[in-house]
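# Summary of structural features
Chain residues, written in single-letter form:
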Amino acid sequence: MKNLFIVVIAILSCSITANAQYRYASGAIVGSLYGGSYKMYCSEHIVFQTDLYVGLHKVAGKMFLEGIDYGRMTESHWDLVLNPAVMYQAPICDVKVGWLNYFAGVGLSGGLAMEYGYPYVYGKIGTNAIAGVEYVFEGIPISISADFRPGYGYMFGVPLGLKTELHMFDWSVGFALRYYIN
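Here's a quick rundown of the structure. For every chain, the first residue of the written sequence is number 1, and numbering continues from 1 onward in sequence order. pLDDT decides what is reported in this predicted model: residues at 70 or higher carry local features, side-chain atom pairs at 80 or more are listed and counted, and totals for whole chains, interfaces and linings draw on all residues regardless. To get the side-chain values, take all heavy atoms of the structure and skip hydrogens and water.

To continue, consider the overall build of the chain. A run of H or I in DSSP counts as a helix once it spans at least four residues, and a run of E counts as a strand once it spans at least two, with each numbered from the N terminus. Tallying secondary structure elements over the chain gives one helix and eight strands in all. Helices and strands appear in the chain in the N-to-C order α-β-β-β-β-β-β-β-β. Burial statistics for the chain: of 182 residues in total, 40% are counted as buried. Throughout, a contact is declared for two residues whenever any of their heavy atoms are within 4.5 Å. Long-range pairs, those at least 24 residues apart, make up 60% of the contacts in the chain with a sequence separation of at least 6. Element-wise, carbon and sulfur atoms account for 70% of the exposed surface of the chain, whose accessible area totals about 9,700 Å². Buried residues are those whose accessible area, probed at 1.4 Å on protein chains only, stays under 20% of the maximum for their type, while exposed residues exceed 50% and partly exposed ones sit between those limits. Computed with a 1.4 Å probe, the accessible areas rest on the Shrake-Rupley method; for each residue, only the protein chains presented here act as cover.

Here is the structure:
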């Protein structure tokens, strides 16, 4: 609940005019996840980013079925996730035709997940870290970025009347191309 409060405050503070290289950016994200991405400066260094994506993830976790601990497992699953994140972003250096920035932050995720090779659909909630670099072109309203997202997730569901849950650690790599507005 505390994390939700922090995210809500960050979103509300984004109505403050930002003094940054751009104000808003939206575009596509690819890598181990595929979808859309929206990014907004809340202040000079605080950025709110939200992604809606589909991805195939390799996970390591523990499986519980009807209250029985089946131990550690490594599986793959598909997911459809909404992932809002709050990040700190600052310039590494100015180059002749733009800016090179770094960013790091935390995010929440929620959506649906499906084990690879099985027809069962689960709910999924989780949290993740995000860190990466972004290049913002000057004169062309385009930015490109690369990021790494390690995270913790919890899949839950009741397929075929069996109560199942999976606690897992997963990660993804994303490359984004965004169009920005000053």
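Picking up where we left off.
Let's shift gears to the nonpolar core. Buried Ala, Val, Leu, Ile, Met, Phe, Trp, Tyr and Cys residues that are joined via side-chain atoms within 4.5 Å together make up what is termed a nonpolar core. Tyr22, Ala25, Tyr41, Val47, Ala85, Met87, Phe103, Ile130, Val136 and Tyr180 together form the largest nonpolar core, which totals ten residues. If you list the elements that add at least two residues to this core, you get strand 4 (68-95) and strand 6 (121-137).

To continue, consider the pattern of salt bridges. Here a salt bridge means any side-chain nitrogen of Lys or Arg lying within 4 Å of a carboxyl oxygen belonging to Asp or Glu. The final tally for this structure, using the stated rule, is six salt bridges. Residue arginine 149 pairs with aspartate 147 through a salt bridge whose shortest N-O separation is 2.9 Å. Accessibility classification places arginine 149 together with aspartate 147 in one group, the buried group. Members of the salt-bridge network, linked through shared partners, are Lys39, Glu134 and Arg178.

Vacant regions in the atomic arrangement are exposed by a probe of water-molecule size rolled over the atoms. Using a grid of 1 Å spacing that covers the protein atoms alone, one calls a set of points a cavity when a 1.4 Å probe fits there but cannot get out, and a pocket when the set is open and has protein on both sides within 12 Å along at least five of seven lines; lining residues are those with an atom within 4 Å of a point. Grid points are joined across faces, edges and corners, and a volume is the space filled by probe spheres set on the points. Taken as a whole, this structure holds one cavity of 30 Å³ or more when the rule is applied. Taken as a whole, the largest cavity spans an internal volume of roughly 140 Å³. Listed by contribution, the elements that provide at least two residues to the lining of the largest cavity are strand 3 (46-65), strand 4, strand 6, strand 7 (142-157) and strand 8 (164-181). No other element matches strand 7, which puts five residues into the lining of the largest cavity. Here the lining of the largest cavity is composed, by residue class, of five nonpolar, nine polar and four charged. Charged means Asp, Glu, Lys or Arg here, nonpolar means Ala, Val, Leu, Ile, Met, Phe, Trp, Tyr, Cys or Pro, and polar covers whatever is left, Gly included.

A few words on the packing of aromatic side chains. Any two of the Phe, Tyr and Trp rings considered here, Trp counted by its six-membered ring, make a pair once their centres fall within 6.5 Å; the pair's planes then place it as stacked at under 30 degrees, edge-to-face at over 60, or tilted in between. Taken as a whole and judged by the stated rule, the model has eight aromatic pairs. A centroid spacing of 5.7 Å and a plane angle of 25° characterise the contact between tyrosine 154 and phenylalanine 156, whose relative ring orientation is stacked. Of the residues examined, tyrosine 154 reaches a relative accessible area of 22% and is grouped as partly exposed. Exposure remark for phenylalanine 156: the relative accessible area of 34% places this residue in the partly exposed category. Among the aromatic residues, those joined into a cluster by ring pairs are Tyr22, Tyr41 and Tyr180. In this structure, lysine 39 is placed above the aromatic ring of phenylalanine 103, and the distance from its NZ or CZ to the ring centre is 4.6 Å. By definition, being over a ring means that NZ of Lys or CZ of Arg is both within 6 Å of the ring centre and within 35 degrees of the ring normal.

Let's shift gears to the side chain of lysine 124. Mapping lysine 124 onto the fold places it in strand 6. By relative accessible area, lysine 124 is classed as buried at 6%. A polar atom in the side chain of lysine 124 sits 3.3 Å from the side chain of aspartate 170. Apart from residues lying up to four places away in sequence, lysine 124 is in contact with His77, Asp79, Val81, Ser109, Gly110, Gly111, Ala113, Tyr154, Met155, Phe156, Met168 and Asp170. Polar contact is the term for a pair of N or O atoms within 3.5 Å; when the atoms are in protein, one must be able to donate a hydrogen and the other to accept it, and sequence-neighboring residues count only if both atoms are side-chain atoms.

These values are about where atoms sit, not about what they do.
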